[in-house]
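Breakdown of the fold
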Amino acid sequence: MNNRLLIIEDNEQNMYLMRFLLEKSGFTVIGAENGRKGIEMALQCKPLAILLDIQLPEMNGYEVAAELKKHRDLDEAPIIAVTSYAMVGDREQILAAGATGYIEKPINPETFVAEIIDYLPKKQGVDHAA
Ligand code: MN
């Protein structure tokens, strides 16, 4: 069964924390530190979901989300924006760019995994709910 999650995040500490929490819950985590690499990995690995930072070098998260949405074979994988860049309108902008949902930083270790599971396609997400 596919339990791969792709995290696109340039901050090492955030990557470490998200990876730690998700692997502890049984997910396989694939990491990319920039958008270009993240798009490549998404196409290669067909992740269950994509966690996407907004403030990234070169390509920002809006551009990455828009690019990912062009690939029909990734349609099933929700894009979950993970960002502290919480200016008015950002939420609408990332949802308009194709994200399914939005999680705010700082990451809350108590609720993070449950929030991610809520965004997963239900038929597969159920297996991780226990
Ligand atoms: Mn960042």
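Scroll up for the structure.
In this text, all values refer to a predicted model and were calculated from it rather than measured experimentally. (Residues numbered from 1 in each chain as written. Predicted model: local features only at pLDDT ≥ 70, side-chain atom pairs only at ≥ 80, totals over all residues. Heavy atoms only, no water.)

1. Regarding unusual backbone geometry
- In this model, K105 is joined to P106 through a cis peptide bond whose omega is 0°.
- By the element assignment, P106 lies in the loop between β5 (101-104) and α5 (112-119).
- Even without being glycine, K46 reaches a positive phi, approximately 45°.
- Turning to its location among the elements, K46 is positioned in the loop between α2 (35-45) and β3 (49-53).
- The exposure class assigned to K46 is partly exposed, which follows from its relative accessible area of 35%.
- A positive phi angle, close to 65°, is found at E58, a residue other than glycine.
- As for its position among the elements, E58 is in the loop between β3 and α3 (61-69).
- In this structure E58 comes out as exposed when scored by relative accessible area, which is 76%. (Helix = DSSP H or I, 4+ residues; strand = E, 2+ residues; numbered from the N terminus. Buried < 20%, exposed > 50% of the residue type's maximum accessible area, 1.4 Å probe, protein only.)

2. Comments concerning the coordination of the manganese ion
- On the protein side, the manganese ion has D10 (OD), D53 (OD) and Q55 (O) as donor atoms, found 2.0 to 2.2 Å from it.
- Accessibility expressed as a relative area gives 4% for D53, which makes it buried. (Donors = N, O, S within 2.8 Å, 3.2 Å for Na, K, Ca; no water.)

3. Regarding the nonpolar core
- Core analysis: the biggest nonpolar cluster contains 23 residues, and L6, I8, L68 and I94 have the highest contact counts within it.
- Setting aside residues up to four positions removed in sequence, L6 forms contacts with I30, A32, G38, M41, A42, P47, A49, I50 and L51.
- Ranked by size, the runner-up nonpolar core spans 20 residues in total, among them I7, M15, M18 and I116. (Core = buried A, V, L, I, M, F, W, Y, C linked by side-chain atoms within 4.5 Å. Contact = heavy atoms within 4.5 Å.)

4. What about the pattern of salt bridges?
- A full pass over the atoms with the stated rule returns seven salt bridges.
- Residue E9 is joined to K105 by a salt bridge in which the shortest nitrogen-to-oxygen separation is 2.9 Å. One end of the pair, E9, is in the loop between β1 (4-8) and α1 (12-24); the other, K105, is in the loop between β5 and α5, with 96 residues separating them in the sequence. Each member of the pair, E9 as well as K105, is classed as buried.
- Shared partners join several salt bridges into a network, and the residues in it are E9, D53 and K105. (Salt bridge = Lys/Arg side-chain N within 4 Å of Asp/Glu carboxyl O.)

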